[in-house]
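Next come the chains, spelled out residue by residue.
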Amino acid sequence: MNKTTNSGLRETWRSRLLLRPIFVAMACGGFIASAHAASDISGTLVRTCSNQLNGTQYGDALLDDFRGTRFPSPRTGGFTVTSVEQVWLALPAYCLIKGTIQPTSPDRVDPAVKDPSYRVPDINYQIYVPAQWNGKFVQLGGGGFAWKTDVVANGIQTNLQYSPSLQGIALSNYAVILSDAGAGDSGKSFNPDFVRPGRKLGEVAKQEMVKNFGQDSIKKSLDVGLYLLKKLTGSKPTDTYFVGISTGGRQALKAMANWPDAYDGIVAGAPPVDETNLLKSIEVPAVVNDWVVNWGSASAMITSLFGQEVSQQTLSDGLGAVSRHLADVAIESGADYDGYNRLLDVLAPVWNVQPRELLPFFDAAASQKKAGAKGKKIIVYQGTSDFLVPCTQAGEFVSKLAALPSGGRVTSGEIKASVRAYFIEDYSHGFYNTNTLLRRIGLTPLQLAWNAVADLDNWVHDDQARVGAPSLARNATGEIPSNQALNAWKCIASP
């Protein structure tokens, strides 16, 4: 890019930014300016958000500064910037970086996979950096077996969940990163091609792609995001959050459990914390037409977006494809159908989240508060009428969290000070409200009338911050409900 072009771009970007604060204040009622003061870094981004970054390959060692020592990150095979885009016709203007994170398996050949044709795929990521930046960084989680990596589109999806701004979190004043967990497009969400037969059944859980989906891609993506964010802005973020629903909610809890020093707070919506047990509850069909199932699954999601009921058969068929595939993995790895459950048991430590795994988080949160610093916080929310992830998954998880003091490492007061859990009446899997009367009068958008990100941010910095709550929350204070209440809501398994 020549000097004349650079100069022209700089002037164009700056001229467009002159009216932006006025438009933002008018559109958002001054919310962003008051709650999340943003700095104008457009001059910096004009210089750093350059096409000259395209194709740049970076070595893994560059991420060492972001790895931490107490909770170290998984290694990568390096990472690449594949495209850089400067977007001026947005509010605010932003820089969008796309790239890939390479696997550590030599020549992409995973030693745990017996299929000689298989190669470990890259993790695809996108990073959004706004010209009006509040200094904070949000990592978005995926859904199903990973959303397509489009941080701007999924920012709008997040807006429909949490309503942080007109155009969504990815188009507001946060810097944002999203990756596909190495699992690819969400169109394959019910056909997890990333699980390959191992040389032995127990080796499936050791496969790099399986570990990426289960947990490793979370920190790999964050480290790459932090490195490139600093390269683009010249500074590290003041706060780092993880926000996700469904698989993204599970990823949020995994992020805080595995790397509590790296995150200041998370929002975990409808998390399938016991994902392998969820799959065990599904009958393995004898034959599955993947094309029909994928089409049916996509139709189910689209149908749910418009507030319509989704047939249990459609969902069963879709998730049945996952079961069928995993059963094939078990058989090809030398087991029979009984090996299907054993395979899920092997995958459980990689994919599932146990309440006790959050003990390091509580330790870090308590130590930080004793030192007079900001708090570390977790927000969990779950619909009582979830059509995909049973309410019992979140209900039993938070119930066991509340019982952690029996282990002696954390007090009930510390849990209460660090966790809010909301259970939302008639709410389904992040898509619509199942109450037909509310649907009839139009109260069924993909919104909870709740700015969870702002509430999390305020709570991290002020333990006495006003408690926000999703609409129709049964427990508006966010206090973990009693087992009696959870049982009444059918959010805990009956004894």
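Residues numbered from 1 in each chain as written. Predicted model: local features only at pLDDT ≥ 70, side-chain atom pairs only at ≥ 80, totals over all residues. Heavy atoms only, no water.

What follows deals with unusual backbone geometry. Geometrically, the link from Leu-91 to Pro-92 is a cis peptide bond, its omega value of 5° lying close to zero. Along the chain, Pro-92 falls in the loop between β3 (79-87) and β4 (94-101). The phi dihedral of Arg-108 falls on the positive side, at around 65°, and the residue is not glycine. The topology assignment puts Arg-108 in the loop between β4 and β5 (123-130). We note that Ala-181 has phi near 65°; this positive angle belongs to a residue other than glycine. Topologically, Ala-181 is positioned in the loop between β8 (175-179) and α6 (208-233). Overall, Ala-181 belongs to the buried group, its relative accessible area being 3%. (Helix = DSSP H or I, 4+ residues; strand = E, 2+ residues; numbered from the N terminus. Buried < 20%, exposed > 50% of the residue type's maximum accessible area, 1.4 Å probe, protein only.)

We now examine the confidence of the model for the chain. Per-residue pLDDT for the chain has a mean of 81; in total, 76% of the residues score no lower than 70. Contacts from residues 301-310, a stretch scored under 50 in pLDDT, to residues over four places away or in other chains number 20 contacts. The low-confidence segment residues 439-446, where pLDDT is below 50, has 17 contacts with residues more than four positions distant or belonging to other chains. (pLDDT = per-residue confidence, 0-100. Contact = heavy atoms within 4.5 Å.)

Attention now goes to the sheet that holds strand β2 (residues 57-58). Pairing in this open sheet of ten strands is mixed, and the strands run β2-β3-β4-β5-β8-β7-β9-β10-β11-β12 from one edge to the other. For this open sheet the edge positions go to β2 and β12 (419-424), each flanked by a neighbour on one side alone. (Pairing = 2+ DSSP bridges.)

What follows is about helix α13 (residues 391-402). Here α13 contains twelve residues, and its C-alpha end-to-end distance of 17 Å stays within 8% of the 16 Å for a straight helix at 1.5 Å per residue. Buried within α13 are the following residues: Cys-391, Gln-393, Ala-394, Gly-395, Phe-397, Val-398, Ser-399 and Leu-401. (Expected span 1.5 Å × (residues − 1).)

What follows concerns helix α12 (residues 359-370). In this model, α12 (twelve residues) spans 17 Å end to end at C-alpha, consistent with the 16 Å of a helix rising 1.5 Å per residue. Taken together, the buried positions of α12 are occupied by Leu-359, Phe-361, Phe-362, Ala-364, Ala-365, Ala-366 and Gln-368. For α12, the elements touching its buried residues are α7 (247-258), β11 (377-383), α13, α14 (412-418) and β12. Two residues or fewer past α12, Gly-372 is found with a positive phi of approximately 85°.

Okay, the pattern of salt bridges next. This structure, assessed with the given rule, holds 20 salt bridges. Of the charged contacts, one joins Asp-115 and Arg-196 as a salt bridge, the two residues approaching to 3.3 Å between their closest N and O atoms. Here Asp-115 is found in the loop between β4 and β5, whereas its partner Arg-196 is found in the loop between β8 and α6, with 81 residues between them in sequence. Judged by its relative accessible area of 24%, Asp-115 falls in the partly exposed class. The network of salt bridges with shared partners includes Lys-136, Asp-239, Asp-264, Lys-374 and Asp-457. (Salt bridge = Lys/Arg side-chain N within 4 Å of Asp/Glu carboxyl O.)

Of all hydrophobic cores here, the largest spans 64 residues; its most connected members are Ile-97, Leu-228, Leu-253 and Leu-358. Take this core: its biggest share by element is eight residues, from α6. Beyond its immediate sequence surroundings of up to four residues, Leu-358 is in contact with Leu-253, Met-256, Ala-257, Ile-378, Phe-397 and Leu-401. The next biggest cluster of nonpolar side chains, apart from the first, holds 33 residues, and it includes Val-176, Ile-245, Tyr-422 and Ala-452. (Core = buried A, V, L, I, M, F, W, Y, C linked by side-chain atoms within 4.5 Å.)

A word on the state of the cysteines. Applying the stated criterion across every chain, the model contains two disulfides. Each disulfide pairs two cysteine sulfurs, and for Cys-391 the partner residue is Cys-491, the sulfurs being separated by 1.8 Å. Judged by the sign of its S-S torsion, about 90°, the cystine formed by Cys-391 and Cys-491 is right-handed. Placement of the pair is Cys-391 in helix α13 and Cys-491 in the segment after α17 (483-488), with a sequence separation of 100 residues. Disulfide connectivity for the chain, with bonded cysteines indexed by sequence position, reads 1-2, 3-4. (Disulfide = S-S within 2.5 Å.)

Where α6 contacts helix α11 (residues 339-351), the axes come no closer than 8 Å and their chain directions differ by 45°. Classed by the angle they form, the pair α6 and α11 counts as oblique. Every residue of α11 that contacts α6 at Val-210, Lys-211, Phe-213, Gly-214 and Gln-215 is listed here: Leu-347, Pro-349, Val-350 and Trp-351. Residues of the contact of α6 with α11, tallied by class, amount to six nonpolar, two polar and one charged. (Axes fitted to C-alpha atoms, helices over the stretch in contact; angles between N-to-C directions. Parallel < 35°, antiparallel > 145°, perpendicular 65-115°, else oblique. Nonpolar A, V, L, I, M, F, W, Y, C, P; charged D, E, K, R; others polar.)

The next thing to look at is the environment of Trp-489. Along the chain, Trp-489 turns up in the segment after α17. Placed 104 residues apart in sequence, Trp-489 and Ser-385 show a C-alpha to C-alpha distance of 9.4 Å. When sequence neighbours within four positions are dropped, the list of residues in contact with Trp-489 reads Thr-384, Phe-423, Arg-474, Asn-475 and Pro-481.

What follows concerns the packing of aromatic side chains. Going through the model one piece at a time under the given rule, you end up with ten aromatic pairs. On the numbers, 5.6 Å between centres and 65° between planes, the contact of Tyr-58 with Tyr-227 is edge-to-face. With Tyr-58 in strand β2 and Tyr-227 in helix α6, this residue pair connects regions lying 169 residues apart in the sequence. On the basis of relative accessibility, which here comes to 17%, the residue Tyr-227 falls in the buried class. Geometrically, the ring pair formed by Phe-242 and Tyr-263 is edge-to-face, given 6.2 Å between the ring centres and 65° between the ring planes. Of this pair, Phe-242 sits in strand β9 (residues 239-245) while Tyr-263 is found in the loop between α7 and β10 (265-269), placing the two residues 21 residues apart along the sequence. Using a relative accessible area of 1% as the deciding quantity, one classes Phe-242 as buried. With relative accessibility at 0%, the residue Tyr-263 sits in the buried group. One aromatic cluster is present, formed by Tyr-58, Phe-79 and Tyr-227 through successive ring pairs. Stacked on the ring of Phe-213, the Lys or Arg Arg-250 has its end atom at 5.0 Å from the ring centre. It is Arg-420 that lies over the ring of Trp-459; its NZ or CZ is 3.8 Å from the centre. (Phe/Tyr/Trp six-rings, centres within 6.5 Å; stacked < 30°, edge-to-face > 60°. Lys NZ or Arg CZ within 6 Å of the ring centre and 35° of its normal.)

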